[in-house]
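# What the coordinates show
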Amino acid sequence: MCGIVGCILKDDDKKVAPILFDCISKLEYRGYDSIGLATYDGNMHIKKDKGKIEEVNNKLDLADMPGNYGIAHVRWATHGDPSKLNAHPQLDEENTIAVVHNGIIENNSEIKANLIAEGHIFKSDTDTEVIPHLIQKYMDEGLDLEHALRKTIDILQGAYAIAAVSSNEPDKIVATRKDSPLIIGISDDAYYLASDSPAILKYANDIIYPEKGEIVILDKNDVVVHDEFDNIVHKEIDTINWTPEMAEKEGYDHFMIKEINEQGTAVRNTLTQKDNIQSIIDDLGHVSRICFVACGTSYHASLTGKYLLESLAGISTDVILASEFKYSAKTLDENTLVVFISQSGETADSLKALDIANETSKTLGIVNVVGSSITRRAQYVIQTQAGPEIGVAATKTYVSQLTAIYLFAALMAKNYDLVDELDKVPDYIDEVLENVGSIKSMSKRYNYAKDFFYLGRGYSYPTALEGALKLKEISYIHGEGYAAGELKHGPLALIDEGIPVVIVIPPGDSHRKTMSNLEEVKSRGARVLAFGADDDEELFNKAPEVFPINRNVSEIIAPLVYIVPLQLLSYYITLEKGFDPDKPRNLAKCVTVE
Ligand code: M6R
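Residues numbered from 1 in each chain as written. Predicted model: local features only at pLDDT ≥ 70, side-chain atom pairs only at ≥ 80, totals over all residues. Heavy atoms only, no water.

Now for the domain arrangement of the protein chain. Partitioning the protein chain into structural domains gives domain 1 (3-243), domain 2 (249-423) and domain 3 (436-594). Inter-centroid distance (C-alpha atoms) of domain 1 to domain 3 is 43 Å. Taken together, the 13 residues of domain 1 in the interface contact nine residues of domain 3. Of the roughly 920 Å² buried at the junction of domain 1 and domain 3 (both faces included), carbon and sulfur atoms supply 61%. Summed over the three residues of domain 1 that lose the most area to domain 3, namely Y29, Y32 and W76, the buried surface amounts to 50% of that side. On the surface where domain 1 and domain 3 come into contact, there are one salt bridge. Here E28 ties to K583 by a salt bridge, and the two come within 3.6 Å at their closest N and O atoms. (Domains from an automatic or database assignment. Contact = heavy atoms within 4.5 Å. Buried area = accessible area lost by both parts, 1.4 Å probe. Salt bridge = Lys/Arg side-chain N within 4 Å of Asp/Glu carboxyl O.)

Right, here's the structure in full:
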């Protein structure tokens, strides 16, 4: 939703602002309607405004601020419009305390009303502003910054990662978290905090993960973590293997197209998890039912998991949207394995569901971000190996999730032929990527459309759903995915002259019936864009537009390959329409609020 960073340099004479600006720029995918920094050099310096990072920086020169420590924020507005006043850092009345916050303070209205009754004057419409006011109040009562923050979070309800500085207690940053991500980075010459690792990869690879309710105090000599009883906690230091280049565009126009192109590698790297997955299976014991829980793209990966596990391993499998889990998961027991699929590992809906599932069942997280909350709360973890994904639209993490799910299902079913077949997937993906020219020209012919339909059957149904999601989230064209056989039960009424219908039609059992659906829509005037095998003569005869995919991509592994041209189609249509695919309106990469 938002991104926060903080940094304290050991060298008093060095300026922190260029580093803060560099770090916070790496979190633009978490929020891009406002940006702000606070630094301190004996005086508090604040620069902030609404607008994208580049726009605000052109106006304010954010890297030019004095002081060797400070905090920064990128905002994705929830409470209060994007505006200079609502941008973070938020301040107390005397401008002595600056706070950056990611999350939502659910009881902010009540707190604000109480503070107003006590004489506090508020300037913004944010939920965050209550935090510096509470810290100020408790510091005025005699507490130090750390304990004022502790007393503040005793009152706060909701989700938060918070960092605060105070001119009454200089040379220190305090931070805490609950249900929003926060990591601490350690290097030889500085300490950092950040919402996500891409922010600090360039500066620090040694990471501490604070737990809910712990207070972290960074000064130029040390990082100290206190638990809720004020005891010092000795935290383990993990090392992140991701490189700074992984979080750069490296010559591509957008992160999204870079990440689409990295998919062969992402699959190859995730296949290395085979032994880890086998040992998880060996350890699981009896599993009579599997229940996938996820949101968005990760939900679509989960749907593929249902088809695989039911047909290959014969295990009854459900797929539940994380936000619906608490309303529908009434029949979990100790023989149920609840599998959480998540790129970020921080999605609030999924975390809530995980807490519920942990009470009764075995839990497994399939997660991309190392050290994220799901990896720390699930009983078993499969780490997908996509590397950092910055584009808001998930691409390489989707195929990595699928790879992990395929390995899991194939190993559960002892289907070693399928395990071997997965080795060929990276090459099939690379073949699709080489044919990008035909997708580019397709995108020029279809960017006029207001609506798109995506049809697929069986294993290709989740691909249709995911293709439609990719289109709508970045191009703002309405895209609807359907199980092809469901069309005649209603949606066929919408098929009209010229409407584009994407048909996912790999060779296999569902081919004949999907071909009938193709005829159905074509005879009603739809413009069919088919994605099928390169030797499918019937398809080439019947569909006016066919994107050919290697004939050896079987129906069962098609989800790993057929999604790639659909991602490319969405990307190039979005460029045709003049939108930024990396920063779709109203969306953020990591959804840390319910
Ligand atoms: O980090 P997660 O995988 O838990 O995120 C779930 C969804 O928010 C995410 O997949 C979202 O739908 C993406 N923007 C899709 O491209």
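With that out of the way, let us pick up the pairing of strand β8 (residues 173-178). With respect to burial, β8 is a largely interior element, six of its six residues being buried. Both faces of β8 are covered, namely the face carrying I173, A175 and R177 and the face carrying V174, T176 and K178. As consecutive antiparallel partners, strand β7 (residues 158-166) and β8 are separated by six residues, and within that stretch D171 has a phi angle of approximately 65°, a positive value. Where β8 and strand β12 (residues 215-219) come together, four bridges link them in antiparallel fashion. Its bridge partner lying in β12, A175 is registered against V216. (Buried < 20%, exposed > 50% of the residue type's maximum accessible area, 1.4 Å probe, protein only. Helix = DSSP H or I, 4+ residues; strand = E, 2+ residues; numbered from the N terminus. Pairing = 2+ DSSP bridges.)

Here the focus is the site of the ligand. In the region of the ligand, 13 residues are neighbours, and S298, S342, Q343, T347 and E473 sit closest. Here an oxygen atom of the ligand sits 2.7 Å away from a polar atom, N or O, in the main chain of Q343. One of the side-chain N or O atoms of E473 is found 2.5 Å from an oxygen atom in the ligand. When the ligand is considered free in solution it has 410 Å² of accessible area, and contact with the protein chains removes 90% of it. Taken together, the elements giving at least two residues each to the shell around the ligand come down to α9 (296-313) and α17 (460-475). Broken down by element, the shell around the ligand gets its largest block of residues, three residues, from α9. Considered class by class, the residues forming the shell around the ligand number four nonpolar, seven polar and two charged. (Near = heavy atom within 4 Å. Polar contact = N/O pair within 3.5 Å; in protein donor to acceptor, adjacent residues only side chain to side chain. Areas by Shrake-Rupley, 256 points an atom, 1.4 Å probe, with all protein chains shown as cover. Nonpolar A, V, L, I, M, F, W, Y, C, P; charged D, E, K, R; others polar.)

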